[in-house]
Amino acid sequence: MRCTAPLTLALVAGVTALDFSQSHDTNSSVWSAVAKAPASASSSQLLSSRLWNRPSKRQTGWSPPSNLANALQEVWNHCMSTYSNFWGFKNYGWDQIHATGGKINVCVRWESSATITEAQRAQVASVYAAQYQKWFSWLYGYDNFPYSKIDVNVVGWAVRDKSLLQGSTAGITVYTDTDSEGAPQCSEACGRFFHQDGNYNSCPGGASAHYDQSLWLTDGWSGGAGGDWGQRIGREYFIGSLGSSNVHILLHEMGHTFGLDDFYDWLPTGQTNFIMNAGSATVITDFDGWMLRNWWNGLSRYRGWQ
Ligand SMILES: [Zn+2]
């Protein structure tokens, strides 16, 4: 996240979607590096990841593993000293799930001329939700996190032409709205980014039809971007990843939505391969999971959510 992004976002919300992610995320060479990276999902890491994903319900406060504690403190200090308006920004993913009571409604922005079947759309929704669950599994049962399941649902699709959506579109709202640059987007009247006060009176379906984030899929794109507004990745990349258990660029961008930083210009002591260090890992590592927990630990206390 650029250190100036939160304040800028707050000021221009409703005008244009800005990225939390650093511009490096959009550079495809950043992500292709992952092919050369050592397997980040070593068996020992997976084992410890599973263990750490099952914290005691009674675990409260901040108690990271001793081998990660110093690096986590470095990251937290770096965020605190480089983000502007760190506490004052009120549209982190955390603020969104607090407002919805533990749900994320998603709009798919289909910036593509390709058709997509009903079955493929169902897959897009389920794979997207599964990626978020990989993050949230670090939170369920941890340090008074109030939700045992965060429902992630695709509620709308934005397309250039409704005929691109094959089969039944029951259960979703189809939009042909565009942003200022002509890319499909769901109605601004229904979007959290544009209505951070939670007032969706101008949304035809009201609050129940609102969306919190967009999954923006763009033809010919090989980079990524992420922020409070959602995540943007390549359409071909995501559709080609529907059979993968880890969609690593999407995982990285989802981390930005929940406030996690980029690591293009420094690395915490002893940490090299993790999902928020773009192109260095294909899975959420223990270090990533504990960075997410650090945010919950800090922000929930500041916001009075404990
Ligand atoms: Zn990034």
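A quick note: this is a predicted structure, and the numbers were derived from the prediction, not measured.

1. Re the overall build of the chain
Along its length, the chain carries nine helices and six strands. Out of the 306 residues in the chain, the part that is buried amounts to 54%. Sequence-distant contacts, at least 24 apart, represent 68% of the contacts inside the chain between residues at least 6 apart. On the chain, roughly 12,500 Å² of surface is accessible, and the fraction owed to carbon and sulfur atoms is 50%.

2. Structural notes on the coordination of the zinc ion
Note on metal sites: the ideal angle is 109.5 degrees for four tetrahedral donors, and 90 or 180 degrees for six octahedral donors. The protein atoms donating to the zinc ion are Asp-25 (OD), Asp-25 (OD), His-252 (NE2), His-256 (NE2) and Asp-262 (OD), with metal-donor distances spanning 2.0 to 2.3 Å. Counting gaps between the donor residues of the zinc ion yields the pattern D-x226-H-x3-H-x5-D. Pair noted here: Asp-25 is in the loop between α1 (5-12) and α2 (28-32) and His-252 is in helix α8 (residues 248-257), with a separation of 227 residues, a long-range link. Both residues of the pair, Asp-25 and His-252, count as buried.

3. A few points about the sheet that holds strand β3 (residues 173-175)
On the basis of which strands lie adjacent, the open sheet formed by six strands has the order β3-β2-β1-β4-β6-β5 and mixed pairing. The open sheet has two edge strands, β3 and β5 (224-227), and neither has a second partner. With strand direction ignored, the average angle separating the axes of adjacent strands in the sheet is 25°. Examined bridge by bridge, strand β2 (residues 151-158) and β3 share three bridges and lie parallel to one another. Paired with Ala-158 across the bridge in β3 is Tyr-175. Packing against the sheet, helix α6 (residues 118-136) makes contact with β1 (103-111), β2, β4 (213-218) and β6 (230-234), and its axis sits at approximately 140° to β2.

4. Concerning the state of the cysteines
Scanning the entire structure with this criterion turns up two disulfides. Covalently, Cys-107 is tied to Cys-186 through a disulfide, its sulfur atoms 2.0 Å apart. When the S-S torsion is 90°, as for the bridge of Cys-107 with Cys-186, the disulfide is right-handed. Placement of the pair is Cys-107 in strand β1 and Cys-186 in the loop between β3 and β4, with a sequence separation of 79 residues. When sorted by exposure, Cys-107 lands in the same class as Cys-186, which is buried. Each sulfur in the disulfide pair Cys-190 and Cys-203 lies 2.1 Å from the other. One disulfide, between Cys-190 and Cys-203, carries an S-S torsion of 95° and so falls in the right-handed class. With Cys-190 in the loop between β3 and β4 and Cys-203 in the loop between β3 and β4, this pair connects stretches of sequence that are 13 residues apart. Comparing Cys-190 with Cys-203 shows no difference in burial state: the two are buried. Cysteine pairing in the chain follows 1-2, 3-4, where each cysteine in a disulfide is numbered by its order in the sequence.

Parameters at a glance
- Residues numbered from 1 in each chain as written.
- Predicted model: local features only at pLDDT ≥ 70, side-chain atom pairs only at ≥ 80, totals over all residues.
- Heavy atoms only, no water.
- Helix = DSSP H or I, 4+ residues; strand = E, 2+ residues; numbered from the N terminus.
- Buried < 20%, exposed > 50% of the residue type's maximum accessible area, 1.4 Å probe, protein only.
- Contact = heavy atoms within 4.5 Å.
- Areas by Shrake-Rupley, 256 points an atom, 1.4 Å probe, with all protein chains shown as cover.
- Donors = N, O, S within 2.8 Å, 3.2 Å for Na, K, Ca; no water.
- Pairing = 2+ DSSP bridges.
- Axes fitted to C-alpha atoms, helices over the stretch in contact; angles between N-to-C directions.
- Disulfide = S-S within 2.5 Å.

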